[in-house]
Amino acid sequence: MSAITNSISLTRPQWGNRSPLDFIREYFVYIALVCLVLFFSIASPVFFSVQNFANVGRQTAIVSIIAVGVTLVIVNAQIDLSVGSVFALSGMASALALQHISNFWLLGALAAISVGVIFGFVNGLLTVKLGIPSFLVTLGMLGVARGIALLITDTRPVIIANRPYFSIFGDSSILGVPIAVVWTIVIVALGFLLLHKSVFGLRIFATGGNPQAARFTGVKTHRTVILSFVITGALVGVASLLFTGIAHAARPDVGVGLELDVIAAVILGGVSLFGGRGTIVGALAGSLIIGMMNNGLVLMGVDSSVQQIIKGAIIIAAVSLSKK
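Summarised in this report is the structure supplied together with it. (Residues numbered from 1 in each chain as written. Predicted model: local features only at pLDDT ≥ 70, side-chain atom pairs only at ≥ 80, totals over all residues. Heavy atoms only, no water.)

1. Observations regarding the side chain of asparagine 162
Inspection of the secondary structure assignment puts asparagine 162 in the loop between β1 (158-159) and α8 (163-169). Polar contacts involving the side chain of asparagine 162 include one to the main-chain amide nitrogen of tyrosine 165, which spans 2.9 Å. (Helix = DSSP H or I, 4+ residues; strand = E, 2+ residues; numbered from the N terminus. Polar contact = N/O pair within 3.5 Å; in protein donor to acceptor, adjacent residues only side chain to side chain.)

2. Observations regarding the nonpolar core
Formed by 76 residues in total, the largest nonpolar core has its most connected members in Ile66, Val70, Phe87, Val262, Val266 and Ile289. In terms of residue count, the dominant contributor to this core is helix α4 (residues 50-75) (12 residues). Setting aside its immediate chain neighbours within four residues, isoleucine 66 contacts Val83, Phe87, Leu235, Val236, Ala239, Leu258 and Val262. Listed in part, the six residues of the second largest apolar core include Val128, Val225, Ile226 and Phe229. (Core = buried A, V, L, I, M, F, W, Y, C linked by side-chain atoms within 4.5 Å. Buried < 20%, exposed > 50% of the residue type's maximum accessible area, 1.4 Å probe, protein only. Contact = heavy atoms within 4.5 Å.)

3. Looking at empty space enclosed by the protein
For the structure shown, the criterion picks out two cavities of 30 Å³ or more. Reported here for the largest cavity is a volume of approximately 40 Å³. Forming the boundary of the largest cavity are Asp80, Ser82, Val83, Val86, Phe119, Gly120, Asn123, Phe229, Thr232, Gly233 and Val236. Listed by contribution, the elements that provide at least two residues to the lining of the largest cavity are α5 (83-100), α6 (105-129) and α12 (221-247). Residue composition of the lining of the largest cavity, by class: five nonpolar, five polar and one charged. Lining the second largest cavity we find Phe87, Ala88, Gly91, Met92, Ser240, Phe243, Thr244, Ala250, Arg251 and Val254. (1 Å grid on protein atoms, 1.4 Å probe; cavity = no way out; pocket = protein on both sides within 12 Å on 5 of 7 lines; lining within 4 Å. Points joined across faces, edges and corners; volume = space filled by probe spheres on them. Nonpolar A, V, L, I, M, F, W, Y, C, P; charged D, E, K, R; others polar.)

4. Some points on the packing of α4 against helix α13 (residues 258-268)
Viewed as axis vectors pointing N to C, α4 and α13 meet at an angle of 65°, and their least axial separation amounts to 9 Å. Put simply, α4 runs roughly perpendicular to α13. Pair α4 / α13 crosses with right-handed handedness. Between α4, through Ile62, Val63, Ile66, Ala67, Val70, Thr71 and Ile74, and α13, the contact on the second element is made entirely by Leu258, Asp261, Val262, Ile263, Ala265, Val266 and Ile267. Tallied by class, the residues present in the contact of α4 with α13 amount to 12 nonpolar, one polar and one charged. (Axes fitted to C-alpha atoms, helices over the stretch in contact; angles between N-to-C directions. Parallel < 35°, antiparallel > 145°, perpendicular 65-115°, else oblique. Left-handed = near helix turned anticlockwise from the far one by under 90°.)

Right under this line is the structure:
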């Protein structure tokens, strides 16, 4: 354990004497989040309300949950571009399973998560065993998963009719908190414990920061990478359950571009694309920034085309300023 910790320390920036600029860069994502809340609260009187914050939490739940898994992958110095397509296929698998046994909601949940796990395992296995860059592997899987989702239903949506399913994953709430927000809190908490408080998390940082040194200290780097992809796939399956639970249906064309939102949130949250650095809380903050930008610009009545320009410019500026 100490050997792994020492190898990680080589990959993390040392903060002997911090300057104010260093502090701002390190906590930039949180400062930006607070500034966005203040700005939109002034620009729109509707923004700063419990109901609107609940809406933001519900709207960002899918990105936030998948971002937890993608954080593990990127800290491992890998990438997953297939999450949007696997998201659509997992939802279709859940809906089709419930068509056969409509009164057994657990079957639908297992179907969605299993599809995610299978694709995650294949992504990781091809990456480490064949030595193919994860960018290319997951780019190929993006097309495979989307094609299967369109093929198995002939591009048609599948309706879901299961009230317990809707209560657990859809439009219900606990003590006034939307169930999607509850799921997000649970997943983020588990992701935090996994990455920052477990031996497996240390192995992820070691693998992403310096894989050769990690192997010398006894870390099974291939297994670490594969498990990171598998966890990401499982979380994509959970996210698809929230979407289908709210929509009461699954569609094969959803999730197009979802991977870009997730990766933007993760990178905006301070996770290094080169691996070895990042936090789960930072990824959540990045997801909330994107969600609040979407919500606030809509409330201000900004044209959708202009929204894309503003969001893109803010993301580029934020990442540039927070870069160490």
